[in-house]
Amino acid sequence: MDHEAETHRTDLMTITRYVLNEQSRHPESRGDFTILLSHIVLGCKFVCSAVSKAGLAKLIGLAGETNVQGEEQKKLDVLSNEVFVKALISSGRTCILVSEEDEEATFVDPSLRGKYCVVFDPLDGSSNIDCGVSIGTIFGVYMVKDKDNVTLDEVLQPGKNMLAAGYCMYGSSCTLVLSTGSGVNGFTLDPSLGEFILTHPDIKIPKKGKIYSVNEGNAKNWDGPTTKYVEKCKYPKDGASPKSLRYIGSMVADVHRTLLYGGIFLYPADKKSPNGKLRVLYEVFPMSFLMEQAGGQAFTGKQRALDLVPTKIHQRSPIFLGSYDEVEEIKGLYAAEENTA
Ligand code: FDP
């Protein structure tokens, strides 16, 4: 009998156990982050369960219509938002919430306030919901100095000030990828236990990659460096093999594959969308934080993504993220363009 394998199978590292272990390395910690995370995890479990029943829900009524009980069916993204907002407020550990679904930030009632701000997209990749393709939740966490005196500036901070970031992917399995600032770990939901178990410890993105991921339908409107980079992926001049293209169109799924297999994910600016499409606070920052923590890079076309200082909560930015060498190449192409301008 393989005793080592048996030990791994029976000594389960749940996400709570993992965060408690981390916490014990900070003697000043009072467990607030562990409590916050357990509420985020609850939201992810709820959404995972709702997403897996999304096809069945059609049997009893389409979103926006009434079901057999005469109740209006909530759209999955609206429902997910409500669940996360309520879970985060009831944790008693949050003071400001910024959600992709809500135009304004939510300031938590002083009686329930804690020291964390959470920025999140409760259900990212919503155009993929109805065809059962992988979608996800993305989140980032900031800490305030004084919870009794908070303004929106607490969340209009560069991504490098985030305390933690992560995403949960609702795919063939439900996977939560988390960084609290010392590496990246992946946890898979064991549906029979209802627990996220550490399955991908210390994720490191390969330094180089063979996959590029971009919506090529926008190519006619791209800028010079993006066009040159993608051209090089397809027709390399150095005798290397062309790269493979993979594009799901769900940021969580495309970034997850990039993190595990290496390569690059691009959502550049184009003539129609000079700021790109993806949102800084709850898409670009959390994914850039994870990429850097895994040894990769994230670049906006002008600067390191995590150095960007947002001025609006729903601000957008172009983004190039992934393997260190691939992003380095994009940076070189932008620098060359600047030098010839
Ligand atoms: P979606 O519009 O389906 O919600 O920002 C949302 C997002 O998906 C990302 O998840 C995804 O990477 C991107 O938009 C896809 O955009 P395109 O359809 O323009 O490629």
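Just so we're clear, the structure is a prediction, and the values are computed from it rather than from any experiment.

Asks: Can you walk me through the UniProt feature "domain: Fructose-1-6-bisphosphatase class 1 C-terminal" (unreviewed entry) in the protein in this structure?
Replies: Sites flagged by UniProt as "domain: Fructose-1-6-bisphosphatase class 1 C-terminal" (unreviewed entry) map to residues 205-333. Secondary structure content for residues 205-333 is 36% helix and 12% strand, while the C-alpha to C-alpha distance between its ends is 22 Å.

Asks: Where do I start with the nonpolar core in this structure?
Replies: The nonpolar side chains of soluble globular proteins are, as a tendency, buried together. Core analysis: the biggest nonpolar cluster contains 45 residues, and F285, M287 and I319 have the highest contact counts within it. When residues of this core are traced back to their parent elements, those giving at least two are β1 (94-99), β3 (116-124), β4 (135-143), β5 (164-170), α7 (251-261), β11 (264-267), α8 (280-293) and β13 (319-322). The element contributing the most residues to this core is α8, with nine residues. What M287 contacts, discounting residues up to four positions off in sequence, is I138, Y167, M251, V252, V255 and L321. Judged by nonpolar contacts, the second largest core, of 37 residues, contains I40, V41, V51 and Y170.

Asks: Even after reading the chapter, I still don't get the site of the ligand, so can you show me in this structure?
Replies: Of all residues adjacent to the ligand, which total 13 residues, the nearest are D124, S127, N215, Y247 and Y267. Contact distances for the ligand include 3.1 Å between an oxygen atom and a backbone N or O atom of S126. In the complex, 81% of the free accessible area of the ligand, which totals 460 Å², lies under the protein chains. Partitioning the shell around the ligand into residue classes produces four nonpolar, six polar and three charged.

Asks: What is the right way to look at unusual backbone geometry in this model?
Replies: Trans is the prevailing form of peptide bonds, just as negative phi is the prevailing case for residues other than glycine. Not every positive phi belongs to a glycine, and D202 is a case in point at roughly 45°. Mapped onto the elements of the fold, D202 is located in the loop between β8 (195-200) and β9 (211-213).

Asks: What am I meant to see in α8 here?
Replies: Because an α-helix completes one turn every 3.6 residues, residues spaced three or four positions apart along the sequence face the same direction. Of all 14 residues making up α8, twelve are buried, and the element is well covered by its neighbours. For α8, the full list of buried residues reads V280, L281, Y282, E283, V284, F285, P286, M287, S288, F289, L290 and M291.

Asks: Whenever I open this one, the sheet that holds β13 confuses me. Can you help?
Replies: By way of backbone hydrogen bonds, the strands of a sheet pair with one another, either parallel or antiparallel. Read across the sheet, five strands follow the order β10-β9-β11-β13-β12 without closing on themselves; strand pairing throughout is mixed. Each end of this open sheet is capped by a strand with a single partner; those strands are β10 (244-245) and β12 (297-299). The sheet contact formed by β9 and β10 spans two bridges and is parallel. Within the sheet, the bridge partner assigned to Y212 lies in β10 and is L245. Sheet strands in contact with α8 are β12 and β13, and its direction is about 30° off that of β13. Sheet strands in contact with helix α9 (residues 324-340) are β11, β12 and β13, and its direction is about 25° off that of β12.

Asks: How do you make sense of the pairing of strand β6 (residues 174-179) when you look at a structure like this?
Replies: The side chains of a regular strand alternate between the sheet's two faces. Along β6, six of the six residues are buried, which leaves the element largely enclosed by surrounding structure. Side-chain alternation along β6 places C174, L176 and L178 on one buried face and T175, V177 and S179 on a second face that is also buried. Relative to β6, β5 runs antiparallel, the two sharing six bridges. Its bridge partner lying in β6, G166 is registered against L178. Hairpin remark: β5 followed by β6, antiparallel, with three residues in the connecting loop. In this structure, β6 lies alongside strand β7 (residues 185-190), joined through four bridges in antiparallel fashion. Counted as the bridge partner of T175 is T188 from β7.

About the cut-offs
Here the residue index of a chain counts from 1 through its sequence in written order. Totals for whole chains, interfaces and linings use every residue, but because this is a predicted model, local features are given only for residues with pLDDT of at least 70 and side-chain atom pairs only at 80 or more, for both listing and counting. No hydrogens and no water enter the side-chain calculation; it runs on all heavy atoms of the structure. UniProt positions are given in the numbering used here, feature names are shortened, and annotations may be inferred rather than shown by experiment. To qualify as a helix, a DSSP run of H or I must reach at least 4 residues; to qualify as a strand, a run of E must reach at least 2; elements of each kind are numbered from the N terminus. Think of a nonpolar core as a cluster: buried Ala, Val, Leu, Ile, Met, Phe, Trp, Tyr and Cys residues, connected wherever their side-chain atoms sit within 4.5 Å. Only protein chains enter the calculation, and the probe is 1.4 Å; a residue is then buried if its accessible area is under 20% of its type maximum, exposed if over 50%, and partly exposed in between. A contact between two residues is defined here by any heavy atoms of the two lying within 4.5 Å. Neighbouring residues are identified by heavy atoms, a residue being near a molecule or strand if any of them is within 4 Å of it. Under this definition, polar contacts are N or O atom pairs within 3.5 Å; protein pairs additionally need one hydrogen-donor-capable and one acceptor-capable atom, and for neighbouring residues in sequence, both atoms have to be side-chain atoms. Here the accessible surface of atoms and residues is derived via Shrake-Rupley with a 1.4 Å probe, and residues count as covered only by protein chains that are part of the display. Residues are grouped as follows: Ala, Val, Leu, Ile, Met, Phe, Trp, Tyr, Cys and Pro are nonpolar; Asp, Glu, Lys and Arg are charged; all remaining types, including Gly, are polar. Two strands form a pair only when DSSP identifies at least two bridges running between them. Axis definition: a line fitted to C-alpha atoms, limited for helices to the stretch in contact. Angles are taken between N-to-C directions and run from 0 to 180 degrees.

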